[in-house]
Amino acid sequence: MELLTPTSELEAVNLLLFTIGESPLNSLEDAGVVDAVLAHNVLRDTSRSIQKKGWSWNHETAFSLCENIEGEVVIPASALSFLPTRKQERGVYVQRGQRVYDRVEHTYAIKRTLLADITFFLPFDELPETARSYISTASARRYQAGRIGSDVLHAFSKEDELRALSDLMSEETRQADYNFFEDSHSVSSGWLR
């Protein structure tokens, strides 16, 4: 009996190639196939686009960022977004390149640890399966539309993409354990009272 595992990045790239009728790859190291390189780029770009929205699995709250020996706070290279956790620090500390800039003091020398809410770009193999499935399906639709542009195939893939997004949203709701009364801005601000 074959052991089933989550979707690999190679399987995702092969799905994209399948949508345009190309043969599958044996390895992602085969950079000689132009369609494969393009497919891999579309997969990464789509993954980045979907991940930057911030999900329970790639968003950290109150992530500690320590200053380096120059007194600067460097944001991790895999960060897609940065926002100071403390509301009074928002607008004061902003991201410039990979460093935090103090807009009040006009300096990169922060000289202290900051807490930040950060959304990270995770490698494909670190994503939950529902995210892998949605990213693969969305990528396949985009890739097929850009390479061939068939309306019939596009409609079929859009339906699959919506189904995969629904699965991802259901899993996100379950994992994040959202509560309307605790997590709703309208309720917490008294708007519904």
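Counting from 1, residues in each chain are numbered in the order their sequence is written. With pLDDT at 70 or above as the cut-off, local features in this predicted model cover only qualifying residues; side-chain atom pairs require 80 or more to be listed or tallied, and sums for whole chains, interfaces and linings still use all residues. Hydrogens and waters are ignored; side-chain quantities use all the structure's heavy atoms.

K.L.:
Help me out: how do you make sense of unusual backbone geometry in this one?
P.N.:
Of note in this structure, Ala62 is not a glycine but carries a positive phi near 55°. By secondary structure assignment, the location of Ala62 is in strand 1 (residues 59-65). Here the term buried applies to any residue with accessible area under 20% of the maximum for its type, exposed to any over 50%, and partly exposed to those in between, with areas from a 1.4 Å probe on protein chains only. According to the relative accessible area criterion, Ala62 is partly exposed, its value standing at 35%. Phi at His106 is positive, roughly 55°, even though this residue is not glycine. Looking at the element boundaries, His106 is found in the loop between strand 4 (99-102) and strand 5 (114-120). Judged by relative accessible area, His106 falls into the exposed class, the value being 58%. Strands here mean DSSP runs of E at least two residues long; helices mean DSSP runs of H or I at least four residues long; both are numbered from the N terminus.

K.L.:
I keep staring at the pattern of salt bridges and nothing clicks. Help me out?
P.N.:
Pairing is possible between side chains of opposite charge, provided their charged atoms come close. Counted as salt bridges are all cases of a side-chain nitrogen of Lys or Arg within 4 Å of a carboxyl oxygen of Asp or Glu. The full count for this structure, using the stated rule, is nine salt bridges. Across the salt bridge formed by Arg147 and Asp35, the nearest N and O atoms sit 2.3 Å from each other. Taken together, the positions of Arg147 in helix 3 (residues 129-147) and Asp35 in helix 2 (residues 34-51) put the pair 112 residues apart, joining distant regions of the chain. On the basis of relative accessible area, Arg147 is assigned to the partly exposed category, the value being 42%. Between Arg112 and Glu89 there is a salt bridge, and its shortest N-O distance comes to 2.3 Å. One end of the pair, Arg112, is in the loop between strand 4 and strand 5; the other, Glu89, is in the loop between strand 2 (79-84) and strand 3 (93-96), and 23 residues separate them in sequence.

K.L.:
How do you make sense of the confidence of the model for the protein chain when you look at a structure like this?
P.N.:
Regions with low pLDDT should not have their predicted coordinates read in detail. Per residue, pLDDT measures the predictor's confidence, with a range of 0 to 100. Looking at the protein chain as a whole, the pLDDT averages 88, with 87% of positions reaching at least 70. Taken together, the stretch residues 184-193 has pLDDT below 50 and engages in nine contacts with residues farther than four places along the chain or on a different chain. Note on contacts: a residue pair is in contact if any heavy atoms of the two residues lie within 4.5 Å.

K.L.:
Teacher, can you tell me more about the sheet that holds strand 1 here?
P.N.:
Whenever strands of a sheet pair, they do so through backbone hydrogen bonds, lying parallel or antiparallel. Taken in spatial order, the three strands line up as 1-5-2 in an open sheet, and their pairing is antiparallel. Of all strands in the sheet, those with a lone pairing partner are strand 1 and strand 2, marking the two edges. On average, each strand axis in the sheet is tilted by 35° relative to the strand beside it, whichever way the strands run. At least two bridges found by DSSP between two strands is the condition for calling them paired. In this structure, strand 1 lies alongside strand 5, joined through five bridges in antiparallel fashion. When the bridges of strand 5 are listed, Glu60 appears paired with Ile118. Axis lines are fitted to C-alpha atoms, over the contacting stretch for helices. Their N-to-C directions set the angle, which ranges from 0 to 180 degrees.

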